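Spelled out from the first residue to the last, the chains are:
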Amino acid sequence: MENLDKLKKEALQLIEKAKSLPSLKELEVKFLGRKGQLTTLLRDLKNLPENKRKRAGQDLNILKTELENTFSKKEKTLEKTDMEANLSKEFFDTTYPGAERQTGAIHILSQTQKEVEDIFSQMGFMIVDGPEIESEYYNFEGLNIPADHPARDMQDTFFIEGKPDRKQGRLVLRTHTSPNQVRAMEKYGAPLRMIVPGRVFRNEATDARHEHTFHQVEGMLIDKEISIATLKGIMKEFLSRLFGKEVEVRFRPGYFPFVEPGMELDFSCLLCNGKGCRVCKKTGWVEFMGAGMTHEHVLRAGGVDPKKYQGWAFGFGLERLVMMRYGINDIRYFQGGDLRFINQFK
Amino acid sequence: MYVSLEWLKQFTSIPKGIKPEELASTLTLKTAEVEGFSEGSELLDGVVVGQVKELHPHPNADKLRIAMVSIGSSQPNAKVVCGGDNLEEGMLIAYAEPGCKVKWHGEGEPVVLEKVKIRGEESAGMICASEEIGLEKPKSEGPESILDLSAMKPKPGTPIAELLKLDDTVFEFDNKSLTHRPDLWGHYGIAREVSAIYKTPFKQLNPKPKLPTKGDKLKVDIHSYDLCPRYCGVVIKNITIQDSPEWIKKRLKAVGHQTYNNIVDVTNYISSELGQPLHAFDRNLIKKGIVVRTATKGEKIKAIDEKTYKLTEEMLLIADHENPIAIAGVMGGHESGINPDTTEIIIESANFNGANVRRTATTLGLRTESVQRFEKQLDPELAHLAMLRAIELILEVSPGATVAGPITDNHAPKKKPRTIELDPARTASKIGIQIDKAQIKEILTGLQFKVTPGTKNTLKVEVPSFRAQKDVSTEDDLIEEVARIYGYDKIEPVLPSLPTKLPEENPERTVKHDLRKFLSYGLNFNEIQSYSFYSKDDLENCSLDEETHVKIENYLSEDQTHMRTTLVPNLLKTIHSNTKNHPEFKLYEIGRTYKDIGEFFPLEEKWVCGAIHNTDKNKFYQAKGAAEAILRYLKIPFYKLIPSCEIPYAHPNESITIMAPTGETLGMIFTLHPQTAKNFSLQSNPTLFELNFSALINLAKKGRSFKDLPKFPGTLLDISVLVDKTIEIGTLKNAIEKADKSLIKSVELFDLYEGDNIAADKKSVAFKITLQAEDRTLKDEDMKRIQEQIFSNLQKLGGKIRGL
């Protein structure tokens, strides 16, 4: 079987040296083809004496398998080399522009409102809605703002044509989201944790800083041990999350008939971190919202016993927040529908 | 409201070292918002009167001279290089020494003066022109001249601020933040707060003018104590109308008042000092005594603004026995006012019903300083104090004046002071911080409440009359007093410990936010917002009926009179305004509509309205596709699309109504009516959809289910048919589906052709049909049978199968 060793050596050498797939194919025919050297040897087995045939057959088959494996391995190597050679010749322009996939924009007020809703939801506040055409009762009386109250001056009201109702008074476009304090207490009772984002209206001339149509977010928390300190805590948490950085809040006395004590809340200027700059008029603080401990008249109007429950409410303007955040200088853009504005907030 | 620091100091002291900005910020944090303050001028700091002792030419400059300036000593104190062309030896000038701030040529930010060399000569400080120290340049002062003070003959060294009486600091309070505090509408009240905050003594006013016990006593007749709880009046004789003394003028000017004459100025002075408006009448123009009554029907009065006001029967008047002489608490009458010949006056210091004053003022459109104060409901006690103070001042400013008789003081029965129990535990619970009883007591006492021990652990708090009107009436009101003076800034933020509880869901909100994402990011629409109202023209341009509209009574402008019943008109206006910047776009709005449905509250519904503006001939189907995608997204399981719709601004042919199985209209898809497009100046007709979001949200299918994937292969069948143009795709589709309802899984239109090579009244339509059985592989016979049935159904419609 010296021949066999020679054959193996020769074959392996030739395979090793093969440079291309066609020449490898030729070799495969030469050794393993129908008339190939190994095939011929296998075919000639039957001529061997029986005592040698078995052994020789085994050897031949082992060699055949070995050669087959070697061919297949070499084939893969050569294929890979070929592909690499081909790819290296190809040209492809990756700088050609990507296929245009346009998307629309969501109004920045909607986006911000959702952010606000999400943060409060996570703190267990429910999101409540109420009518935009509201009665004087809910808009004023229920909130401890009787007729002739000077506070009605602060809220230039749009009145709806029509006759007043005995209990409800006249219809107005709600001047704030606060009517929902009483509505929500009537509906859900206490304890209560809710916010009401929504559209409000003031009968005042528009300019870059004033709109007759804008949005507020009302908030209310009624429970047993709810204090000014917790209002400070919740608002600090909310604003810090919203702005993505630690924000400080402070209170000043403020007057809203539906809260007592009544406060204004400022937060530390985001630009200068409270050091004082142009944006905050050198005070270090930015005026943000009105708030306070819910007035006992309002609790009673909502059917909640002020001896058992106490809580607070707040209300802030969404437009002001968005304007401050993005440096928008004219409030009229929000309802103006100009796509050059809308599209900046994709 | 303006408050002068110097005036405040008359009633309390301010601890040393408290600068105006700190006082302003402390008052803002504890009392009411101080919007700003103006100090005489920062630029006058350190600027004093100087005298030019010697004047020499500058060796290196023609226009400059060297002045030796003295600020008090006989020897010159400073050598100053100066270019002032009016400079003379002996002149008294404004001298700013190094370290002072000045504005170069009156422009830009102030700069700090330093010792410098000017053209080689040392110069210490500056001889100032008016504008360089923030003063208005008088006409007499030339452009290259400096301020010449010689005429005033001041002593060198006198601060300029003092000389020009600009040394006061004036704070401006935000009136809105004083809405609930009638006691803060004068210096006296603000001083009381300052004294409580800084724990400095409060100097109570205690005017004690000499009053006769007998004599000419004014007759006052009050018809209703409800409308006029108190009226104090007095007659003063031998009055000389003349200019007020400088100190009164200075204070009035500082707080923004004009000055007129000694008597009118005193009434304004007291209004600003105590917050009690006064009125002075010329006694000789008053017939007999004073009557406080409501107006009779049709009664008129000419007020001091020389306008005549028609009064209603609710309005309170001050009258004599013949005519009205003032609108109570609002404005005095023209005929009875102080004039240069006045020698005898009546001083009125009264208390009126705030709501009534406010109503009258609102009806007449008169918002005076007097109204601002009275409408807050002033303290009746203040009327008497103000009267005494007025007499005291008038006797001072009109030498020789004499009080004619005792003060007339008619008032409603006095109320007992209000007392409130304050529970320190409740105070702690509401504020969220422990403040001990002694400290609570100290704070309230500082604010002039009387505090005594109450029952159990509480405090009994007596409210002073100046806080007892509408201001402090409950325990919470006292808690506010404690909290603000204690300091809101000392309250640490705390998160409430509340049980973990999922908030009640608001699916409408959630879906609305999701839908926005779908519309904007999925369907490439842009969200806009628009006003809730439109004009009569708008609704007419949309051919809408006015009837169901909710109307605004006091609208701001003619184009905002009706509440919208559809989002379309405002969306069309938005389309129009965007066309000049964008050739094509897709818009939507999610917003409310408002309809009068005959009940007290109008019906408010939320609608989704979308519009497609482009030149694509398929844009109706783009709108239809978008609307159907939304319905699918909202999981609306059953609805019908009915051709045509009832809205007047929709194209009569190119429109669809989306209907619920109940027959309720869920929405519309349409091309805008060409007339409406024309009315809104739109060049091309946009296509739109309107979906009733409020209705749809209730129809949404809850939950989802899974259907196993088909186990047996399906077969595709392409069929092309030539039919009359007027046969609808829907009809053809139905005809195909009818062929085998169980095995035909889908029918898709994939080609529609009209034009060359086919008859003008025909169209060629091609469908891709999927056949599939759930329980077996389809055989050739199945396919053949269905295909023949389809052919036959289509042929019944006059169709010619192509390729057959």
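Calculation rules
- Residues numbered from 1 in each chain as written.
- Chains lettered and ligands numbered in written order.
- Predicted model: local features only at pLDDT ≥ 70, side-chain atom pairs only at ≥ 80, totals over all residues.
- Heavy atoms only, no water.
- Helix = DSSP H or I, 4+ residues; strand = E, 2+ residues; numbered from the N terminus.
- Rg over C-alpha atoms; globule rule 2.2 N^0.38 Å.
- Buried < 20%, exposed > 50% of the residue type's maximum accessible area, 1.4 Å probe, protein only.
- Areas by Shrake-Rupley, 256 points an atom, 1.4 Å probe, with all protein chains shown as cover.
- Lys, Arg positive; Asp, Glu negative; His and termini not counted.
- Charge placed at Lys NZ, Arg CZ, Asp CG, Glu CD.
- Pairing = 2+ DSSP bridges.
- Axes fitted to C-alpha atoms, helices over the stretch in contact; angles between N-to-C directions.
- Contact = heavy atoms within 4.5 Å.
- Salt bridge = Lys/Arg side-chain N within 4 Å of Asp/Glu carboxyl O.
- Polar contact = N/O pair within 3.5 Å; in protein donor to acceptor, adjacent residues only side chain to side chain.
- Nonpolar A, V, L, I, M, F, W, Y, C, P; charged D, E, K, R; others polar.
- Core = buried A, V, L, I, M, F, W, Y, C linked by side-chain atoms within 4.5 Å.
- 1 Å grid on protein atoms, 1.4 Å probe; cavity = no way out; pocket = protein on both sides within 12 Å on 5 of 7 lines; lining within 4 Å.
- Points joined across faces, edges and corners; volume = space filled by probe spheres on them.
- Phe/Tyr/Trp six-rings, centres within 6.5 Å; stacked < 30°, edge-to-face > 60°.
- Patch = residues over 30% accessible without salt bridge, like charges linked within 9 Å, V, L, I, M, F, W, Y side chains within 5 Å.
- Domains from an automatic or database assignment.
- Disulfide = S-S within 2.5 Å.

Caption draft 1: Structural view of the overall build of chain A. A tally of regular secondary structure across chain A gives 12 helices and 9 strands. Compactness check: chain A gives a C-alpha radius of gyration of 41 Å against a globular reference of 20 Å for 346 residues, more than 25% above the reference. Counting over 346 residues, chain A shows a buried share of 53%. Entry remark: accessible area of chain A is about 17300 Å², with carbon and sulfur atoms responsible for 49%. Side-chain charges of chain A comprise 54 positive and 50 negative groups, with the mean position of each set lying 8 Å from the other.

Caption draft 2: Representation of the sheet that holds strand β34 (residues 650-659) of chain B. Residues and elements named next belong to chain B. Taking strand neighbours across the sheet as the criterion, the 7 strands line up as β28-β31-β32-β36-β35-β34-β33 in an open arrangement whose pairing is mixed. One side of each edge strand has no neighbouring strand; the edge strands of this open sheet are β28 (526-527) and β33 (640-643). Pairing analysis gives 2 bridges linking β28 to strand β31 (residues 585-595), with the strands arranged parallel. When the bridges of β31 are listed, Asn 526 appears paired with Leu 587.

Caption draft 3: Representation of the sheet that holds strand β2 (residues 34-39) of chain B within the structure. Residues and elements named next belong to chain B. The strand order β1-β12-β2 describes an open sheet built from 3 strands, whose pairing is antiparallel. Both edges of this open sheet fall to β1 (2-4) and β2, since each of them pairs with a single strand only. Averaged over all pairs of adjacent strands, the angle between strand axes in this sheet comes to 20 degrees, irrespective of strand direction. Bridging between β1 and strand β12 (residues 169-173) involves 3 bridges; their strand directions are antiparallel.

Caption draft 4: Representation of the environment of Val102(B). Residue and element names in this part refer to chain B. With respect to the secondary-structure elements, Val 102 resides in strand β7 (residues 101-102). Sequence separation between Val 102 and Leu 113 is 11 residues, and the spatial gap between their C-alpha atoms is 7.1 Å. Excluding anything up to four places from it in sequence, Val 102 contacts Leu 43, Ala 96, Pro 110, Val 111, Leu 113, Met 126, Cys 128, Glu 132 and Ile 133.

Caption draft 5: Spotlight on the pairing of strand β36 (residues 687-692) of chain B. All names here are of chain B. Among the 6 residues in β36, 6 count as buried, and that is most of the element. Neither face of β36 is left uncovered, since the one carrying Thr 687, Phe 689 and Leu 691 and the one carrying Leu 688, Glu 690 and Asn 692 both have all their residues buried. Direction of pairing for strand β32 (residues 603-613) relative to β36: antiparallel, over a ladder of 6 bridges. Its bridge partner being in β36, Val 608 is matched across the sheet by Leu 691. Both strand β35 (residues 665-672) and β36 contribute to a ladder of 5 bridges, which runs antiparallel. Looking at the pairing, Thr 671 lines up with Thr 687 of β36.

Caption draft 6: Up close: the pairing of strand β37 (residues 715-724) of chain B. Residue and element names in this part refer to chain B. When β37 meets strand β39 (residues 762-771), the two strands line up antiparallel, connected through 10 bridges. Of the residues in β39, the one forming a bridge with Asp 718 is Lys 768. Here 2 bridges tie β37 to strand β40 (residues 800-801), and the two strands are oriented antiparallel to one another. Within the sheet, the bridge partner assigned to Val 721 lies in β40 and is Ile 801.

Caption draft 7: Spatial organisation of the interface of chain B and chain A. Contact residues are listed per partner, giving 81 residues for chain B and 96 residues for chain A. Counting across the chain B and chain A interface gives 5 salt bridges. Of the charged contacts, one joins Arg252(A) and Glu33(B) as a salt bridge, the two residues approaching to 3.5 Å between their closest N and O atoms. Put simply, chain B and chain A have 42 residue pairs in polar contact (both at pLDDT 80 or more) between them. Elements that contribute at least two residues to the side of chain B that touches chain A include exactly α2 (20-30), α7 (354-364), α10 (424-431), α12 (475-486), α13 (507-522), β28, α15 (568-579) and β31 of chain B. Sort the elements by how many residues they give to the side of chain B that touches chain A and α13(B) lands first, with 7 residues. Residue classes in the side of chain B that touches chain A are distributed as 31 nonpolar, 21 polar and 29 charged.

Caption draft 8: Molecular detail of the nonpolar core. Judged by nonpolar contacts, the single largest core of 158 residues is most densely connected at Phe238(A), Phe288(A), Phe314(A) and Phe316(A). Sequence-distant contacts of Phe316(A), defined by excluding residues within four places in its chain, comprise Val116(A), His215(A), Gln216(A), Val217(A), Phe238(A), Phe288(A), Met289(A) and Leu321(A). Membership of the second largest hydrophobic core comes to 37 residues, among which are Ala295(B), Tyr309(B), Leu317(B) and Ala328(B).

Caption draft 9: Looking closely at empty space enclosed by the protein. Applying the stated criterion across every chain, the model contains 3 cavities of 30 Å³ or more. In this structure, the largest cavity spans a volume of roughly 280 Å³. In this structure, the largest cavity is lined by 21 residues; those nearest its centre are Glu132(A), His215(A), Lys512(B), Arg516(B) and Ile590(B). When contributions to the lining of the largest cavity are tallied by element, the ones reaching two or more residues are α5 (108-122) and β4 (192-201) of chain A together with α13 and β31 of chain B. Of the residues belonging to the lining of the largest cavity, the class tally is 3 nonpolar, 7 polar and 11 charged.

Caption draft 10: Region of interest: the packing of aromatic side chains. Residues and elements named next belong to chain A. In the structure shown here, the tally under the stated rule is 31 aromatic pairs over all chains. Judged by centre distance (5.3 Å) and plane angle (65 degrees), the ring pair of Phe 267 and Phe 288 falls under edge-to-face. Here Phe 267 is found in strand β7 (residues 259-268), whereas its partner Phe 288 is found in strand β8 (residues 285-294), with 21 residues between them in sequence. The exposure classification of Phe 267 matches that of Phe 288, with both residues buried. Centroid distance Tyr 326 to Phe 345: 5.3 Å. Interplanar angle 65 degrees. Geometry classified as edge-to-face. On the criterion of sequence distance, the pair formed by Tyr 326 in helix α10 (residues 318-326) and Phe 345 in the segment after α12 (339-342) is long-range, its members being 19 residues apart. Since its relative accessible area comes to 36%, Tyr 326 is described here as partly exposed. A residue is classified by how much of its surface remains accessible, and Phe 345, at 11% relative accessible area, is buried. Taken together, the ring pairs in this structure connect Phe 120, Phe 125, Phe 238, Phe 243, Phe 267, Phe 288, Trp 312, Phe 314 and Phe 316 into an aromatic cluster.

Caption draft 11: Summary view of a negative patch on the surface. Residue and element names in this part refer to chain B. There is a patch of like negative charges on the surface, built from Glu 21, Glu 22, Glu 39 and Asp 45. If you trace the backbone, Glu 21 turns up in helix α2. Note on Glu 21: relative accessible area 47%, which makes it partly exposed.

Caption draft 12: Looking closely at the domain arrangement of chain A. Taken domain by domain, chain A holds domain 1 (2-89) and domain 2 (108-345). The distance between the C-alpha centroids of domain 1 of chain A and domain 2 of chain A comes to 86 Å.

Caption draft 13: Structural detail: the state of the cysteines. Residue and element names in this part refer to chain B. Tallying each qualifying case throughout the model produces 0 disulfides over all chains. Just so you know, Cys 100 is unpaired, no disulfide at all, and the nearest cysteine sulfur is the one on Cys 128, 7.6 Å from it. With no disulfide of its own, Cys 232 has Cys 228 as its nearest cysteine by sulfur position, at a separation of 9.3 Å. By relative accessible area, Cys 232 is classed as buried at 0%.

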